[in-house]
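Chain residues, written in single-letter form:
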Amino acid sequence: MDLQALRTAIRTTPIVDNHAHPLLKNHRSTDKSFLSIATEAHGDALNDTWSSLAHIRAVKQLAGQLDCEPTWDAVEAAMKAKRSLQGQEASVRSDWYRRCMEGIETILLDDGLDSGDETHDYDWHNQFVTGECKRIVRIEALATDMIRRRVAKMTGETPRTILIAILDDFVREIERCIADPEVVGFKSIICYRGGLDLPSIHQMRMEEAQAELEGIAQAGAEKFTRLQHRALNHVLLHATASRIAENGGDGSEQQPKKPIQFHTGLGDNDITLTKSSPSHLQAFIADYPTVPIVILHASYPWTREAGYLAAMYPNVYADFGEVFPFVSRQGQESVLKQILELCPWSKILWSTDGHWFPETYLLAIMQMREVLETTLCDMVREGDLNEQQAIRLVQDVLFVNSKKLYSLQTETTLPSPESLANAKPSSKAGAGASASSSKGAAALITIKRDAANTLRDPKNKWLRLVWVDYTASARCRVVPARKVLEALETGGSWTNTMAAFGLLQNDMPIPQITATGMYTLDVDWSSLRPGPAPGHLSCFSEFREPDGAETLLCPRTLLRNVIDNAKSTQGLEFLMGFEIEFVVLERNTEPGATEKYRTMQTDGHAWAVARVLAGMASILDEMADCLEEAGISIEQYHAESAPGQYEIVLSALPPLAACDSLVHARQIIESVAARHGYRVTLHPKPFKQLVGTASHVHLSVSSPGGDAPDVYEPFYAGILRHFPALIAFTYSNPTSYERMVDSYWAGGRWIMWGRENKESPLRQCGPSGSHWEMKCFDGLANPYFAVAAILSAGVLGVAQGEPMVWKDCESDAAKLTPEQRLALGITDMFPASLDEALAALQADSALIAQLGSPEFVQRYVDVKKAEIGFLSQLGESERRQWIMERY
């Protein structure tokens, strides 16, 4: 049971955070201990928090997000660094705050925890969420200011007179707050001021309140900083509830009454634990049956009591916040299960209780989603809920219930559980599309089961999680098989730095990225293959935002969306097959040699010549055997023209699988050659005097009717029309343009096509049909980007009915006269450099729109310009060897 729809709901449902506190101003951020992020302890008790499960988990998670070592010292230093940025770099700090609050629609902020000069105003937080933050008025903080002002003005009045005046002031302010649309509720911390055992309204003792007020007056107003007087607290709390009941609307959806939130349970040692149970509130709840009451913080450890009250009283709601991150994962799961034992989910809310530091919000959201996923998926598997009911629970608890209770106006409309289960993957934030979402639940169960069985085979010791970055460098992380099995069994996942899509080949970051942020990996287990080395398996993943949403900065996600769009809008499907050309090199070990590599010592090496297989046949056979073992079918292999140059032709596959196979096949070829002491290079022109090396791609329209000229001609006309821009992806390195020469069967410099013409960049294979070959594609291209651009250009041609104004060229276009080229519609040449190609790409707004992500194109251009800048500093020989070392 895959439960992908439920997982998507958990990871992407927007949050109404119904209780939190403002962040500290930057200059006050060191006033509070960072250790308080994962504990309510303070003072000397903080010194032992390092050995709590909550702290250990928080350190590990924060280290992953901050991209630092998983130690408290490293995490604390990284958090301090986020707050020390000045000037223009302050935007980086804001980006981090925004990241920490990602997924929140609105926050309801109790701004009474600290003084105004310590923390930001509630509406300052709007910049980090998708909606508008609202205010929760803390009753005790409001009353403290009024009492101090009144007592300071006392000139002989009796305590009773002063109490009445204070009550008058207080009630007027409560009524103003009731009418204020920016205030959505009230909050009481009476749990800290004597306990929750409030007397009923009929048991109030005004005499005790007067005596307490007299004591305040005798001590002096300047010494009154905290309302911790039990009877006065009771009077003011009852006054608040009375005004809400009498003057807070009729309780309808049009005129809702504003709730009172109560701190219950979990808190520092300033509370009397036995009096922090919400069960003490029963008399108060009974006194005000029309006043909404919100029991905060899961009432930990009195969670069952909170669930009971919410279930039995129509005006009571149970919040299960603050246990994230203050309680261990097992404890959090227990809290969720306990509150659901009795309480309807329509009465449950959630909050971060975020305060002071943005990381408190981040941890709360991450851990809440983890626990919801683990617990609810188990409940569905065990039959307690079906998947649609579990999705409704998630949406109600995180969003709907609070929106209704606090009468919030939000723009977000949640998808129905039914539509979510059948939703098409989207590129928008919050879509949460899976790399495997189109396979179906039953198929995914089988795929994961098969993957687990493969990983249990003793000969398989390691899993490579592979991706291809913006420089077309294949990168990977290697995970022990036993750890992968644990993740499969527990639903665990892996992360990767957001900087991965902004690094050059030597790990130098481009200026436009930062070291901040982590993606999660959505592993496509159907891509699991043996190799490229003995004992290793490899698998491809798609990069996701931390909440599960897609990012089109991910190469594999970008291509998958282009493929889906081609099918959904034009009904087009494709098959693609790559020719892998590579040069086998010997390492130059001669003393004083300036060249690191040299060509193989062969006799009469030439295209398809049999003799050059004499010494290489066993190695090429081993490559072919390893490819077949990995499930990569090959059509043939043969020698190519340059010394040590060979070609392996892969069988046709759908585009995404074809790119995966290409990347994996190259790693197998490289690995086998290395085991025999050779180096393989994909350098487009490794030796100036010899022929170049490409990665030709064969393409056909495989959907019904694809071989009809009225389908494939506008498709290939679209490619020809957008060739100047898309070549920025297929010839993606400055070195690529060294191979772009005429009359060498390399595709030449002219934009044209020809039937069975080896000199044309686009060759129709056979006398008719949609099988064509693109020759201007080399091994330095990221295949996911290049194929996405090719398909996007072709789909544009079909959508716009692009006419095939280029005629079949039967000869070498470079050797034709201008008049002959014009007669064939050959008028344009390819960009002569990567700089020119990037300019053409940026100018092609139609292709950028079809790709679906201007942000991706800009990131690609930024990386390539940085790459050009770096390579331009190297001499010709140094640059050639630098590329050969990496490709």
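This write-up is about the structure you can find in this document. It should be emphasised that the depicted structure is a prediction, and the values quoted were computed from it without experimental measurement. Residue indices follow the written sequence of each chain, beginning from 1 at its first position. Side-chain atom pairs in this predicted model are given and counted only at pLDDT of 80 or more, local residue features only at pLDDT of at least 70, and totals for whole chains, interfaces and linings cover all residues. The side-chain quantities take in all heavy atoms of the structure and omit both hydrogens and water.

Looking at the overall build of the protein
Secondary structure assignment for the protein yields 28 helices and 22 strands. When its C-alpha atoms are laid out on the principal axes, the protein stretches across 115 × 60 × 55 Å. When each of the 887 residues of the protein is scored for burial, the buried share is 59%. Only heavy atoms enter the contact rule, under which two residues are in contact if any of them lie within 4.5 Å. Contacts in the protein between residues far apart in sequence, at least 24 positions, make up 75% of those at least 6 positions apart. Carbon and sulfur atoms form 50% of the exposed surface of the protein, whose accessible area is close to 35100 Å². Helix and strand definitions here come from DSSP, where helices need a minimum of 4 consecutive H or I residues and strands a minimum of 2 consecutive E residues; each element is numbered from the N-terminal end. Here's how the labels work: a residue is buried when its accessible area is under 20% of the maximum for its type, exposed when over 50%, partly exposed in between, all with a 1.4 Å probe on protein chains only. Accessible surface area values rest on a Shrake-Rupley calculation with a 1.4 Å probe, where residue burial reflects the displayed protein chains alone.

What to know about the packing of aromatic side chains
Here is the rule: rings of Phe, Tyr and Trp (six-membered ring for Trp) pair when centre to centre is within 6.5 Å. Planes less than 30 degrees apart are stacked, more than 60 are edge-to-face, and the remainder are tilted. By the definition in use, this model includes 33 aromatic pairs. Geometrically, the ring pair formed by Phe324 and Trp350 is edge-to-face, given 6.1 Å between the ring centres and 65° between the ring planes. A residue pair is termed long-range when its members are at least 10 positions apart, and Phe324 in helix 11 (residues 323-326) and Trp350 in the loop between strand 8 (348-349) and helix 13 (358-381) qualify at 26 residues. Ring centres of Tyr716 and Trp772 lie 4.2 Å apart, and the angle between their planes is 10°; on these two criteria the pair is classed as stacked.

Quick word on the pairing of strand 19 (residues 697-701)
Burial runs high along strand 19: five of the five residues are buried. With burial as the criterion, each face of strand 19 is covered, one bearing Val697, Leu699 and Val701 and the other bearing His698 and Ser700. By this definition, two strands are paired if DSSP reports at least two bridges between them. Where strand 14 (residues 574-587) and strand 19 come together, five bridges link them in antiparallel fashion. Across the sheet, the residue bridging to Leu575 is Ser700, located in strand 19.

Overview of the pattern of salt bridges
Any Lys or Arg side-chain nitrogen located within 4 Å of an Asp or Glu carboxyl oxygen qualifies as a salt bridge. By the definition in use, this model includes 44 salt bridges. Ionic pairing is found between Glu586 and Arg598, a salt bridge with its closest N-O pair at 3.2 Å. Residue Glu586 is found in strand 14, and its partner Arg598 is found in strand 15 (residues 597-599); the two are separated by 12 residues along the sequence. Residue class for Arg598 comes out partly exposed when judged on its relative accessible area of 26%. Put simply, Asp522, Asp524, Glu542, Arg544, Glu550, Arg556, Arg560, Asp564 and Asp660 are held in one network by salt bridges that share partners.

Observations regarding the environment of Glu545
Relative to the helices and strands, Glu545 resides in the loop between strand 13 (536-544) and helix 18 (555-570). Between the alpha carbons of Glu545 and Ile447 there is a distance of 24 Å; along the sequence they are 98 residues apart. Residues contacting Glu545, with those up to four places away along its chain left out, are Glu102, Met498, Tyr519, Thr520, Glu550 and Thr551.

Some remarks on helix 28 (residues 876-886)
Side chains that are three or four residues apart share a direction in an α-helix, a result of its 3.6 residues per turn. All of the buried residues along helix 28 are Arg880, Gln881, Trp882, Ile883 and Met884. Those residues of helix 28 hidden inside the fold are in contact with strand 14, strand 15, strand 18 (679-681) and helix 27 (854-871).

Topic: the side chain of Thr693
Relative to the elements of secondary structure, Thr693 occurs in the loop between strand 18 and strand 19. Given a relative accessible area of 1%, Thr693 falls into the buried group. Any pair of N or O atoms that falls within 3.5 Å is considered a polar contact. Within protein, one atom must be able to donate a hydrogen and the other to accept it, and sequence-neighbouring residues count only if both atoms are side-chain atoms. Within polar-contact distance, the side chain of Thr693 engages the side chain of Gln645 at 2.9 Å. In this view, Thr693 contacts Glu581, Phe582, Val583, Gln645, Leu682, His683, Pro684, Pro686, Arg739 and Asp778; residues no more than four positions away in its chain are not counted.

Some thoughts on a nonpolar patch on the surface
In this scheme, patches are assembled from residues that exceed 30% relative accessible area and form no salt bridge. Like charges are connected within 9 Å, while nonpolar side chains (Val, Leu, Ile, Met, Phe, Trp, Tyr) are connected within 5 Å. Taken together, the side chains of Tyr308, Met312 and Leu342 make up a nonpolar region of the molecular surface, amounting to roughly 290 Å² of accessible area. Tracing the backbone through its elements, the reader meets Leu342 in helix 12 (residues 329-342). For Leu342, a relative accessible area of 44% translates into the label partly exposed.

What to know about the sheet that holds strand 4 (residues 183-188)
Reading across the sheet, the eight strands line up as 1-2-3-4-5-6-7-8 and stay open at both edges, with parallel pairing between neighbours. Two strands in the sheet have a free side with no partner beyond their single neighbour: strand 1 (15-20) and strand 8. In this structure, strand 4 lies alongside strand 5 (residues 260-262), joined through three bridges in parallel fashion. Counterpart to Phe186 in the pairing with strand 5 is Ile260. The sheet contacts of helix 6 (residues 159-179) involve strand 3 (134-138) and strand 4, and relative to strand 4 the element is tilted by about 135°. Of the strands in this sheet, strand 4 and strand 5 touch helix 8 (residues 230-247), which is tilted by about 145° from strand 5. Comment: axis = line fitted to C-alpha atoms, over the contacting stretch for helices; angle = value between 0 and 180 degrees taken between N-to-C directions.

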